[in-house]
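Structural features, examined
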Amino acid sequence: MKIKIAIPVNEAGNLDPHFGHCRYFAIYLAEGGEIVSDEILQPPPHEPGILPKWLAGQEVTHVLTGGMGNKAIQLFNHNNIQVFTGAPVMQSKELANGFLENNIQFNGNHCDH
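The present account deals with the structure reproduced in this document. No experiment lies behind these values; they were computed from the predicted model shown.

**Structural notes on the overall build of the protein**
Assigned secondary structure in the protein consists of three helices and five strands. Each helix (α) and strand (β) of the protein, taken in turn from the N terminus, gives the series β-β-β-α-β-α-β-α. Taking the principal axes of its C-alpha atoms as reference, the protein extends roughly 35 × 25 × 25 Å. Residues counted as buried form 43% of the 113 residues belonging to the protein. Here the analysis covers contacts within the protein between residues at least 6 apart in sequence; of these, 49% occur between residues at least 24 apart. If you sum the accessible surface of the protein, you get close to 6,200 Å²; carbon and sulfur atoms cover 47% of it. Averaging the locations of the 6 positively and 11 negatively charged side chains of the protein gives two centres separated by 8 Å.

Take a look at the structure:
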């Protein structure tokens, strides 16, 4: 099974807790539970509703984030992208591997808009 994971990150490659205003996205392609490729992409300027379409265009299937507004979650779901909120702040590759190994605790949505 092939999945593509997007994680909002800062310059150091750590999870950026504010999804909509992150500077970069770490994108991981995984097959059979293993990461086979990765890249860092700079998103387009922030506008409501643009990131779900942009990440769908990158063939992303899953988003891991600290928090996200409910409307954004609905837009991602509409674009067939699963959203996991409440991710801990850590290195993005470590987070992606933990997600694939099913040993990351997601602690709810840390965003209230």
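Continuing now.
**A closer look at the pattern of salt bridges**
Scanning the model with the defined rule gives two salt bridges in all. For Glu11, the salt bridge goes to Arg23, with nearest N and O atoms at 3.1 Å. On the criterion of sequence distance, the pair formed by Glu11 in the loop between β1 (2-9) and β2 (24-31) and Arg23 in the loop between β1 and β2 is long-range, its members being twelve residues apart. Judged by relative accessible area, Glu11 falls into the exposed class, the value being 55%. One salt bridge in this structure joins Lys93 and Asp38, with 3.9 Å as the shortest N-O distance. Here Lys93, found in helix α3 (residues 92-100), pairs with Asp38, found in strand β3 (residues 34-41); they are 55 residues apart in sequence, far enough to count as distant. According to the relative accessible area criterion, Lys93 is partly exposed, its value standing at 39%. For Asp38, a relative accessible area of 47% translates into the label partly exposed.

Rules of the game
Residues numbered from 1 in each chain as written. Predicted model: local features only at pLDDT ≥ 70, side-chain atom pairs only at ≥ 80, totals over all residues. Heavy atoms only, no water. Helix = DSSP H or I, 4+ residues; strand = E, 2+ residues; numbered from the N terminus. Buried < 20%, exposed > 50% of the residue type's maximum accessible area, 1.4 Å probe, protein only. Contact = heavy atoms within 4.5 Å. Areas by Shrake-Rupley, 256 points an atom, 1.4 Å probe, with all protein chains shown as cover. Lys, Arg positive; Asp, Glu negative; His and termini not counted. Charge placed at Lys NZ, Arg CZ, Asp CG, Glu CD. Salt bridge = Lys/Arg side-chain N within 4 Å of Asp/Glu carboxyl O.

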